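Coordinate analysis (summary)
What follows is the residue order along each chain.
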Amino acid sequence: MADPKPEQFKVIGSRVPRVDAIDKVTGHAKYGADYNVPGQLYGASKYSDYPHAKIIRIDTSKALALDGVRAVLTHKDIPGEKSFGAIHPHQMVLCSDKVRFFGDAVAVVAAETLEIAEEAVALITVEYEPFPVVTDPRAALESDSPQVHENGNLCFHHKVRKGDIADGFAHSDIVLEREYSTQRIEHSYIEPEAILVEPGENGGVTITGSLQNLYNIRRALSRVLNLPLNRIRLIQASLGGSFGGKDEVMSAICARGALLTLATGRPVKMVNSREDSMRESYKRHPYKLKYKVGASTDGTLQAMEITIHADAGAYSAMSPFVTWRSVVQATGPYIVPNVKTDVFAAYTNNCYTSAMRGFGSPQICFAAESLMDELAEALGLDPLELRLKNILKDNCSTATGQILSHKVSVGEALSNVTKGIEFGNIWKANRNKDNRSKIAKGIGLSCSYRGVSLGAEGTDAAGVAISIQTDGSAVVSCGLVDMGQGAATTISMVVAEELGISVDRIRFLSADTTSIPDSGPTVASRTSFMAGNAARVGAQELMKRIKPVAAEMLDCPDSSLIFSDNQIRSTIESVLDKSIFFGDLAAACFRKGISLFAHGWYKSPTTTWDEHTGQGDAYFTYVYAANLAEVEVDLVTGQVKVTRFVSSHDVGRTLNLNGAKGQIYGGVAMGLGYALLEDYAQDDGLPSLSNFDEYLLPTICDIPDIDIILIENPDSLGPFGAKSLGEPACELAAPAIVNAVANATGLRVRDLPLTLERVLLGKSLVRSGARGSTKSRSEKH
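Residues numbered from 1 in each chain as written. Predicted model: local features only at pLDDT ≥ 70, side-chain atom pairs only at ≥ 80, totals over all residues. Heavy atoms only, no water.

This paragraph deals with the overall build of the protein. In terms of helices and strands, the protein carries 20 helices and 31 strands. Taking 28 Å as the expected radius of gyration for a compact globule of 781 residues, we find that the protein reaches 27 Å, a close match to that expectation. When its C-alpha atoms are laid out on the principal axes, the protein stretches across 85 × 80 × 50 Å. Buried positions account for 60% of the 781 residues belonging to the protein. Entry remark: accessible area of the protein is about 28,700 Å², with carbon and sulfur atoms responsible for 50%. (Helix = DSSP H or I, 4+ residues; strand = E, 2+ residues; numbered from the N terminus. Rg over C-alpha atoms; globule rule 2.2 N^0.38 Å. Buried < 20%, exposed > 50% of the residue type's maximum accessible area, 1.4 Å probe, protein only. Areas by Shrake-Rupley, 256 points an atom, 1.4 Å probe, with all protein chains shown as cover.)

Written out as structure tokens, the structure is:
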């Protein structure tokens with residue numbers, strides 16, 4: 001079906017209230033911790049005392065003797081495999097031989113009350129033999145490093161090879177070498193992990209809770225519980241945020257809760273305290289990045305050599321996929337003819353790392369965009385001028401050799417954020433001032449490109465079920481979940497547009513593994529694209545069935561029918577004054593025995609990847625964006641205030657205008673925290689903090705005015721031309737702020753976050769030369 005013209009859309013692109021808004025603002029939405037049943041027990045986990053140690057003995061006798069305790073389980077009580085993992089199944093549910101990080105669990109308790117469960121946990125004694133710890137990913141790959149896993153500390157190595165890197169540097173007039181680092185980040189969702197496990201039929205279990213990737217969790221439980229998938233039912237409760245953070249940690253908690261339920265025959269509720277959540281949950285990867293770039297005197301990029309070490313922590317989790325996205329996009333949205341990139345993910349005894357909003361992009365965006373500003377300064381160019389000279393364009397080749405056959409809009413995004421200002425003049429004026437005043441002003445740019453959905457990571461498909469009721473309302477469900485990002489509203493809008501009904505006539509159901517097929521994980525900003533396309537397939541199938549009945553009722557050709565505003569009309573002059581209520585049509589179809597249920601399934605286009613060369617069509621399409629930040633820096637205290645922010649994103653087509661703007665507002669806020677405040681610090685594998693009282697997050701007072709400029713270049717592959725936005729909105733905010741601070745102070749800080757101390761000490765770091773050097777070769781040419 002051809003897409004309507006923008007002016008023909010009735011729902012798509014409009015401002016629609018969230019379908020879950022009323023329940024949430026009135027307190028009727030049920031989150032994981034809100035679920036209770038009579039006779040439930042309360043579960044609690046016993047965590048490791050060390051970040052790396054051999055387990056000698058676990059004594060549960062005192063805990064078992066405590067009145068009110070109904071079960072105390074260790075690894076010996078697991079009927080199936082003791083570990084799980086989507087890529088490397090080595091993450092322990094309850095550790096058996098050794099612990100690998102401070103958040104590992106060694107036992108789990110079920111008791112009549114939470115207080116009794118927590119008291120029982122304190123009574124469990126574990127005898128350990130502490131091992132040396134490794135906390136640096138580069139040190140972890142040395143031959144003499146303590147081994148986190150028996151097969152070594154290398155989790156994964158990705159590479160890209162393009163052109164002749166030596167020749168590229170040989171023909172460069174200037175070569176810069178820089179090192180950058182990023183920190184470990186807590187997801188900081190408001191709702192901690194929570195589940196209610198109930199005994200299911202035929203010896204199975206039913207779990208309701210704060211679940212992001214239900215099917216990943218179900219596969220993990222099948223492995224651990226030694227049960228077939230059809231005996232494990234997972235139901236998504238309303239999620240109080242996730243940002244990618246409720247996957248592997250939920251698999252572990254669900255497995256422990258299910259073990260307790262199977263052992264006791266009673267429901268078990270488990271809700272993490274904030275302290276337990278921060279201790280056990282995975283984080284965003286800290287990266288150590290080394291960039292070497294070569295360019296001509298006019299600014300044309302000739303070569304990039306990049307080496308990145310990512311801290312995977314104790315377990316693989318999603319590290320192989322996170323770092324793969326990094327290797328694909330590490331050069332930024334620029335044409336670079338000669339590229340050599342290596343990304344290593346290494347195991348350490350730190351908290352393990354996995355998916356978080358951005359998925360390997362925030363780290364490389366920070367480094368690549370900082371590098372471009374540094375190169376511009378070395379060449380005597382302004383950062384906008386350098387970027388415009390090298391950005392990706394239509395039909396050009398990426399670092400992985402992919403020809404971009406769609407509309408490439410990096411330049412348009414850069415033009416949008418700098419429109420109406422003389423960026424180069426402002427940037428140079430800030431750079432040249434003597435900073436005698438207490439407050440220094442700065443301006444900074446960043447831009448990015450990002451592959452949509454999973455790409456060559458693996459199979460990418462999703463389904464949406466649509467059931468039209470006989471009153472003309474509809475029920476919609478999907479295997480991808482709404483974790484707060486507004487997916488329920490957006491998918492409902494797609495269905496409403498296709499069927500010609502209003503969004504308020506649609507009820508979107510939370511995901512349930514027994515009612516909808518596996519649609520893969522809710523990650524990679526893929527929900528709008530994949531589920532949107534699947535919703536169109538299902539809705540169009542229903543239209544094929546109901547249109548002939550409508551044509552019969554109006555006595556007109558079905559090609560003349562218009563479905564809109566819950567009514568069906570014809571463009572035929574003789575019946576212009578006639579219309580059918582959508583509910584009447586649905587009832588008529590039902591009486592004729594026509595199925596009003598359809599399941600739309602969409603599989604993404606083919607991608608290719610050569611792991612040996614790092615070449616291929618990594619993603620089927622890309623999104624493009626640019627940001628501009630203006631800051632004020634207090635040169636006495638080092639405090640940074642972001643005063644203005646402009647963000648422009650090519651979304652393909654805006655499906656949900658409120659949702660799109662909300663994603664950008666939230667993404668900028670998260671990027672600001674990443675740039676200036678947040679750091680989940682650890683010392684020798686032990687966390688330096690345990691709650692939000694010590695973990696610095698931006699507040700509403702820190703968020704600047706944000707101007708949003710949406711670009712619409714409809715993509716032929718997307719639903720109504722839409723692509724993605726959730727993660728792009730977050731990934732390039734930090735480098736714009738960092739570049740603005742450098743413009744204000746004349747100091748380049750290459751380590752996130754830009755704390756007060758780093759801003760004030762930046763000059764000594766730069767002048768020492770310890771953080772990299774500039775090598776000019778202009779005299780050779």
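When you tally the buried positions in strand E3 (residues 69–73), you get four out of five residues, the bulk of the element. Relative to strand E7 (residues 105–111), E3 runs antiparallel, the two being bridged by four bridges. The partner of Val72 across the bridge, within E7, is Val109. (Pairing = 2+ DSSP bridges.)

All chains considered together, the criterion is met by 16 aromatic pairs. Aromatic side chains Phe9 and Phe720 sit 5.4 Å apart centroid to centroid with 85 degrees between the ring planes, which places their arrangement in the edge-to-face category. In this pair, Phe9 is assigned in the segment before helix H1 (21–26) and Phe720 in the loop between strand E30 (705–711) and helix H18 (728–731), connecting sequence segments 711 residues apart. Classification of Phe9 by relative accessible area gives buried; the value is 12%. You can call Phe720 buried: its relative accessible area is 1%. With centroids separated by 6.4 Å and ring planes inclined at 80 degrees, the aromatic side chains of Tyr180 and Tyr291 adopt a geometry described as edge-to-face. With Tyr180 in strand E10 (residues 174–181) and Tyr291 in strand E15 (residues 287–295), this pair connects stretches of sequence that are 111 residues apart. You can call Tyr180 buried: its relative accessible area is 2%. (Phe/Tyr/Trp six-rings, centres within 6.5 Å; stacked < 30°, edge-to-face > 60°.)

Before going further, it helps to spend a moment on the sheet that holds strand E13 (residues 232–236). The seven strands are arranged E3-E7-E1-E14-E11-E12-E13 in an open sheet whose pairing can be described as mixed. Pairing within the sheet leaves two strands with one partner each, and these edge strands are E3 and E13. Across the sheet, the mean angle from the axis of one strand to that of its neighbour is 20 degrees, orientation sign disregarded. Sheet analysis places strand E1 (residues 41–47) next to strand E14 (residues 268–271), joined by two bridges and oriented parallel. Across the sheet, the residue bridging to Leu41 is Val268, located in E14. Sitting on the sheet, helix H6 (residues 214–225) is in contact with strand E12 (205–209) and E13, with an inclination near 150 degrees to E13. Contacts from helix H7 (residues 248–264) reach E1, E3, E7, strand E11 (194–199), E12 and E14, with the element oriented near 30 degrees to E11. (Axes fitted to C-alpha atoms, helices over the stretch in contact; angles between N-to-C directions. Contact = heavy atoms within 4.5 Å.)

The antiparallel open sheet is built from three strands, whose spatial order is E6-E2-E8. What marks the edges here is a single partner per strand, and that holds for strand E6 (98–99) and strand E8 (125–130). Sheet topology places strand E2 (residues 53–59) next to E8; six bridges connect them, and they run antiparallel. Looking at the pairing, Arg57 lines up with Glu127 of E8.

Here the focus is helix H14 (residues 487–499). Given a rise of 1.5 Å per residue, 13 residues ought to cover 18 Å, and the 18 Å separating the end C-alpha atoms of H14 matches this to within 8%. Of all 13 residues in H14, 13 are buried, a share of seventy percent or more. Phi turns positive, to about 80 degrees, at Gly500, one or two residues after H14. (Expected span 1.5 Å × (residues − 1).)

Quick look at the nonpolar core now. With 102 residues, the main nonpolar core has Tyr291, Leu301, Leu375, Val631, Phe645 and Ile737 as its most contacted residues. Ranked by the residues each element gives to this core, the list is headed by helix H10 (residues 361–379), at ten residues. Once you skip the residues sitting within four places of it in the chain, Val631 turns out to touch Ala440, Lys441, Gly442, Val640, Lys641, Val642, Thr643, Ile737, Ala740, Val741 and Ala744. (Core = buried A, V, L, I, M, F, W, Y, C linked by side-chain atoms within 4.5 Å.)

Let us now look at the pairing of strand E26 (residues 622–634). Across the 13 residues of E26, eleven count as buried, placing the element largely inside the fold. Across 13 bridges, the pairing between strand E18 (residues 439–451) and E26 is antiparallel. Looking at E26, one finds that Lys441 is bridged to Glu632.

We now examine the layout of surface pockets. Reported here for the largest pocket is a volume of approximately 980 Å³. Residue lining of the largest pocket: 43 residues in total, with Arg357, Gln485, Gly486, Gln663 and Gly726 positioned closest to the centre. Among the secondary structure elements, those contributing two or more residues to the lining of the largest pocket are H14, helix H15 (527–554) and helix H17 (657–676). Counted by class, the lining of the largest pocket contains 16 nonpolar, 21 polar and six charged residues. One number sums up the size of the second largest pocket: a volume of about 770 Å³. (1 Å grid on protein atoms, 1.4 Å probe; cavity = no way out; pocket = protein on both sides within 12 Å on 5 of 7 lines; lining within 4 Å. Points joined across faces, edges and corners; volume = space filled by probe spheres on them. Nonpolar A, V, L, I, M, F, W, Y, C, P; charged D, E, K, R; others polar.)

Time to look at the confidence of the model for the protein. Taken as a whole, the protein shows an average pLDDT of 94; of its residues, 96% reach a score of 70 or greater. Of the regions scoring below 50 in pLDDT, residues 763–781 engages in 36 contacts with residues more than four places distant in sequence or in other chains. (pLDDT = per-residue confidence, 0-100.)

In this section: unusual backbone geometry. Between Leu752 and Pro753 the backbone carries a cis peptide bond, its omega angle lying at -5 degrees. Turning to its location among the elements, Pro753 is positioned in the loop between helix H19 (733–745) and helix H20 (756–768). For Ser188, which is not glycine, the phi dihedral falls at a positive 65 degrees. With relative accessibility at 14%, the residue Ser188 sits in the buried group.

Here we take up the side chain of Asn743. On the secondary structure map, Asn743 appears in helix H19. From its side chain, Asn743 meets the backbone nitrogen of Ile443 in a polar contact 3.0 Å long. With residues near it in sequence (within four places) discarded, Asn743 still touches Trp427, Asn430, Arg431, Lys433, Lys441, Gly442 and Ile443. (Polar contact = N/O pair within 3.5 Å; in protein donor to acceptor, adjacent residues only side chain to side chain.)

Next up on the list: the pattern of salt bridges. Across all of its chains, the model carries 35 salt bridges by this definition. We note a salt bridge from Arg387 to Glu369, for which the minimum N-O separation is 3.0 Å. Taken together, the residues Arg387 in helix H11 (residues 383–390) and Glu369 in helix H10 connect sequence positions 18 residues apart. Taken as a pair, Arg387 and Glu369 share a single burial class, namely buried. Residues Arg536 and Glu498 are paired through a salt bridge, measuring 2.5 Å at the closest nitrogen-oxygen approach. Of this pair, Arg536 sits in helix H15 while Glu498 is found in helix H14, placing the two residues 38 residues apart along the sequence. Three or more residues are tied together by salt bridges with common partners; here these are Arg161, Glu305, Lys340 and Asp342. (Salt bridge = Lys/Arg side-chain N within 4 Å of Asp/Glu carboxyl O.)

What follows covers H10. For H10, which comprises 19 residues, the first-to-last C-alpha distance of 27 Å matches the rise-based estimate of 27 Å (1.5 Å per residue) to within 8%. Summarising burial for H10: 17 of the 19 residues are buried, a large majority.

A word on the packing of H10 against H11. If you want to describe how two helices pack, look at the angle between their axes and the distance between the axes. It is the contact of H10 with H11, at a shortest axis distance of 8 Å, that shows an interaxial angle of 110 degrees. Taken together, the axes of H10 and H11 are roughly perpendicular relative to one another. Facing Glu369, Met372, Asp373, Leu375, Ala376 and Leu379 of H10, the residues of H11 in contact are Pro383, Leu386 and Arg387. Counted by class, the contact of H10 with H11 contains six nonpolar, no polar and three charged residues. (Parallel < 35°, antiparallel > 145°, perpendicular 65-115°, else oblique.)

We now examine the packing of H10 against H19. Across the interface, H10 lies against H19 with an axial gap of 8 Å and an inter-helix angle of 35 degrees. Helix-helix and strand crossings are classified by hand; for H10 and H19 the assignment is right-handed. Contact with H10, carried on its side by Cys365, Phe366, Glu369, Ser370 and Asp373, involves Pro735, Val738 and Asn739 of H19 and no other residues of that element. A breakdown of the residues in the contact of H10 with H19 according to their chemical character gives four nonpolar, two polar and two charged. (Left-handed = near helix turned anticlockwise from the far one by under 90°.)

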